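What follows is each chain in one-letter form.
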Amino acid sequence: MPTDKQNSSWLSVQFVITLIFSLLTIKLNLSHFGENTFGIWILLASIWGFGAIIDFGFNTTIVKYVAEFKNEFGKVNRLLSTSFYVFVANGLLILVLGSTVGYFAYFRNTAIISEESHAFYLRIFAILGLSFYLQYLSLFFKAVMEGLNNFILSSKMTILQNTLILAGTIIISITSQSLTFLSILYAVTYLIIISVYYFHFRFKIVSYSISIALFDFKEVKRIIGFSLSVQAMTVFNSVIDPIVKYMIGTYLDIKIVPAYEIARRFALAVSGLFFNAFKIVLPKASVLRSLPEIKKFISDDLIKFIKIGITYSGAAFGISAIAIVFIIKTAFGIADAVVIFMILALPESINNFGYSIYNFLLGQGKVRILVIIQLTNLIFVLIGLFAGFTLFHNLLGLLGYFISVLIGNVLMVLYLKSRYSVTMKEFLLRSKIYKLGLLLILLIGSMFIIQQNVFPVYMIFTLQSIISLLLFYNDLQEYYSIVKSDLIGYFKN
């Protein structure tokens, strides 16, 4: 069984490679297809991207319950058999619903797709729907691997997926193929991924099996309360992306959609590196039972993960922001993407603080409070989007996301205090939350100075990097020493 360090290392490597490959893919597609055509493709793909998370919470449920009952083979086999056939049925249902929603949202909106190009983009949309279904089924097997704490395999599969897409995109660009071939590329890639996952499960995970005979309606009823709550909070969070893209395309300009997608990819990839490295919190929290061991985990592990998250935000969005902005401006040359990235850096910095708490509460089955948090998030984002796009036609409406994330994280901390009697003063001091506050003030200041267009962008980011380095220097030095010691020990062994 892989260790926590091995899992975290592979998850980190996976996300770095995914970031690089996905950015190269976007760059190639923008150069080949143009902002308008590729922008429409992104909009159509976003429908299926949202559909991929509608699993009625069974994905997260599989991770939690496989981790919790992995040695009780009969119970796990009933869970897996039930969940797999629910995945099959759900995928078909979402395929129908996604096609209907996509048609009325995009193909009836001439501001996005003209009537002359309906037939062409309908064909694209259908192929993307097929690739969605293959990807959707592969998520089942990925959840099984993560429930068994085998993040190494899921990381390798993600690397393979992005490698195939990048290689196919290069061929499409060189041979001047159409969007149809790009869509087919994604479908073929997901077919390969699900095939590899299936054969690994079939021949390597011999303790578990999937059979229609083991499908159990009682099993569905047993986990439905947990899984539906998980689904609700996932939907509330994931629906934000297609809504943002739809409103940008409708009220601003379809050409801004690629700028948002680029900035979003950078911001989420930066946070995703941390998220992936510490996905291990969910299975670790799922096995905690007694209050003393829960409180010990909070004191010893959770605070440590939170502190790392804050330091990571300082390094990624504070110190390294100048390098990220340089890549955005040099590689893509889209000014709006820089502004959007700075706006998105604010909520993502807070998310790095709260991600470990979120996974801890999820592992403990506290999904109701998480549903409330995600619903609050959605409401404030919608208010911000409405104000920014429909009233002022301004991208600063995305600040509503920052406010909602801030409120959500405060709610999670307060719940820790009330449910597990956490001492707030000790909790906040040990996690060094004051450094997160100073970082947010610095990022907000930089963002508004950039909006004034008085000083050169690189001058502002250079100053931001220097201040962030001074703020987080001691923490970075501490973690560097730990990593260095681990690497020396690894190579000696």
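Note on numbering: residues in each chain are counted from 1, in written sequence order. For this predicted model, a pLDDT threshold of at least 70 governs which residues receive local features, and a threshold of 80 or more governs which side-chain atom pairs are given and counted, while totals over whole chains, interfaces and linings are taken from all residues. Calculation of side-chain values draws on the structure's entire complement of heavy atoms; hydrogens and water are dropped beforehand.

**Some details on the packing of helix α6 (residues 151-174) against helix α7 (residues 179-204)**
When two helices pack together, their arrangement is given by the angle between their axes and by how far apart the axes lie.
Part 1 of the reasoning: Axes, fitted as lines to C-alpha atoms, cover a helix only where it is in contact. Angles between the N-to-C directions of the axes lie from 0 to 180 degrees. In DSSP terms, a helix is any run of H or I states spanning at least four residues, a strand is any run of E spanning at least two, and both are numbered starting from the N terminus. Running from N to C, α6 and α7 cross one another at 155 degrees; their axes reach a closest spacing of 10 Å. By the angle class used here, α6 and α7 are roughly antiparallel. For the pair α6 and α7, the sense of crossing is right-handed. Contacts from Leu153, Ser154, Met157, Leu160, Gln161, Leu164, Ile165, Gly168, Thr169 and Ile172 of α6 reach α7 at Phe181, Leu182, Leu185, Tyr186, Thr189, Tyr190, Ile192, Ile193, Val196, Tyr197 and His200.
Part 2 of the reasoning: The residue classification treats Ala, Val, Leu, Ile, Met, Phe, Trp, Tyr, Cys and Pro as nonpolar and Asp, Glu, Lys and Arg as charged. All others, Gly included, are polar. Here the residues of the contact of α6 with α7 sort into 15 nonpolar, 6 polar and no charged. Geometric relationships in this document are graded by angle, where less than 35 degrees denotes roughly parallel, more than 145 denotes roughly antiparallel, 65 to 115 denotes roughly perpendicular, and other angles denote oblique. The handedness criterion is simple: a crossing whose near helix is rotated anticlockwise from the far helix by less than a right angle is left-handed, and one whose near helix is rotated clockwise is right-handed. Contact between two residues is taken to exist if any of their heavy atoms lie within 4.5 Å; hydrogens are not considered.

**A word on helix α17 (residues 424-431)**
Part 1 of the reasoning: Here the term buried applies to any residue with accessible area under 20% of the maximum for its type, exposed to any over 50%, and partly exposed to those in between, with areas from a 1.4 Å probe on protein chains only. Those residues of α17 that sit buried are Met424, Phe427 and Ser431. The arc enclosing the buried residues of α17, seen along the axis, measures out at 70 degrees, which places them on a common side. Looking at α17, the residues exposed on the side facing more than 90 degrees away from the buried face are Lys425 and Leu429.
Part 2 of the reasoning: As for α17, its buried residues are in contact with α12 (291-319), α14 (335-363), α16 (399-420) and α18 (433-452).
Part 3 of the reasoning: In the segment just after α17, Lys432 is the residue with positive phi, at about 60 degrees. Comment: arc refers to directions from the helix axis out to C-beta atoms.

**Observations concerning the packing of aromatic side chains**
Part 1 of the reasoning: A pair of Phe, Tyr and Trp rings is counted when the ring centres sit within 6.5 Å of each other, with Trp represented by its six-membered ring. The angle between the planes then sorts it: under 30 degrees is stacked, over 60 is edge-to-face, the rest tilted. Taken as a whole and assessed by the stated rule, the structure comprises 21 aromatic pairs.
Part 2 of the reasoning: With a centroid separation of 6.0 Å and 20 degrees between ring planes, the pair formed by Tyr103 and Phe107 is classed as stacked. You can see Tyr103 and its partner Phe107 sitting in helix α4 (residues 73-107), 4 residues apart, about one turn around the helix.
Part 3 of the reasoning: Ring geometry for Phe297 against Phe360: centres 5.8 Å apart, planes inclined by 15 degrees, an arrangement best described as stacked. With Phe297 in helix α12 and Phe360 in helix α14, this pair connects stretches of sequence that are 63 residues apart.

**Re the side chain of Thr158**
Part 1 of the reasoning: For Thr158, the position within the fold is in helix α6.
Part 2 of the reasoning: N or O atoms within 3.5 Å of each other form a polar contact, as long as, within protein, one can give a hydrogen and the other can take it, and as long as residues adjacent in sequence are counted only when both atoms are side-chain atoms. Among the polar contacts listed, one links the side chain of Thr158 to the backbone oxygen of Ser154, at a separation of 3.0 Å.
Part 3 of the reasoning: The contacts of Thr158, once residues within four sequence positions are left out, are Gln14, Thr18 and Lys142.

**A few points about the nonpolar core**
Part 1 of the reasoning: The term nonpolar core refers to a set of buried residues drawn from Ala, Val, Leu, Ile, Met, Phe, Trp, Tyr and Cys, joined through side-chain atoms within 4.5 Å. Core analysis: the biggest nonpolar cluster contains 144 residues, and Leu44, Phe341, Phe360 and Leu416 have the highest contact counts within it.
Part 2 of the reasoning: At 18 residues, the largest contribution of residues to this core is made by α14.
Part 3 of the reasoning: Aside from chain neighbours lying at most four places away, what touches Phe341 is Ala263, Phe266, Ala267, Phe317, Ile324, Val325 and Ile328.

**Examining the layout of surface pockets**
Part 1 of the reasoning: The computed volume of the second largest pocket comes to approximately 330 Å³.
Part 2 of the reasoning: Cavity and pocket criteria rest on a 1 Å grid covering protein atoms alone: a 1.4 Å probe that fits but cannot get out defines a cavity, protein on both sides within 12 Å along at least 5 of 7 lines defines an open pocket, and an atom within 4 Å of a point defines a lining residue. If you trace the second largest pocket, you find 19 residues lining it, with Leu19, Leu23, Phe266, Ile324 and Ile327 closest to the centre.
Part 3 of the reasoning: Those elements that provide at least two residues to the lining of the second largest pocket are α1 (4-33), α10 (256-277), α12 and α13 (321-332).
Part 4 of the reasoning: Considering every element that reaches the lining of the second largest pocket, the biggest residue donor is α1, with 7 residues. Grid points are joined across faces, edges and corners, and a volume is the space filled by probe spheres set on the points.

**What to know about the environment of Pro258**
Part 1 of the reasoning: Tracing the sequence through the fold places Pro258 in helix α10.
Part 2 of the reasoning: For Pro258, a relative accessible area of 2% corresponds to the buried category.
Part 3 of the reasoning: Beyond its immediate chain neighbours, meaning those up to four positions away, Pro258 contacts Leu30, Glu35, Gly39 and Ile42.

**So, the pattern of salt bridges**
Part 1 of the reasoning: What makes a salt bridge here is a side-chain nitrogen of Lys or Arg within 4 Å of a carboxyl oxygen of Asp or Glu, nothing more. Summed over the entire model, instances satisfying the criterion amount to 7 salt bridges.
Part 2 of the reasoning: Its salt-bridge partner being Lys296, residue Asp300 comes within 2.8 Å of it at the nearest N-O pair. Placement of the pair is Asp300 and Lys296 together in helix α12, with a separation of 4 residues, close to one helical turn.
Part 3 of the reasoning: The closest approach of N and O atoms between Asp301 and Lys304, which form a salt bridge, is 4.0 Å. With Asp301 and Lys304 both in helix α12 and 3 residues apart, the pair spans about one turn of that helix.
Part 4 of the reasoning: Given a relative accessible area of 41%, Lys304 falls into the partly exposed group.

**A short note on the environment of Leu80**
Part 1 of the reasoning: Structurally, Leu80 is set in helix α4.
Part 2 of the reasoning: Relative accessible area serves as the criterion here: at 0%, Leu80 is assigned to the buried category.
Part 3 of the reasoning: Along the primary structure Leu80 and Val66 are separated by 14 residues, whereas in three dimensions their C-alpha atoms are 8.7 Å apart.
Part 4 of the reasoning: When residues no more than four places from it in sequence are discounted, the contact partners of Leu80 are Ile62, Val66, Phe140, Val144, Phe201, Tyr208 and Ile210.

**Regarding α6**
Part 1 of the reasoning: For a helix, the expected span equals 1.5 Å multiplied by the residue count minus one. For α6, with 24 residues, the first-to-last C-alpha span of 35 Å sits near the 34 Å given by 1.5 Å per residue.
Part 2 of the reasoning: Downstream of α6 by one or two residues, Ser176 has phi in the positive range, about 55 degrees.

By themselves, these observations are geometric and do not establish any function.
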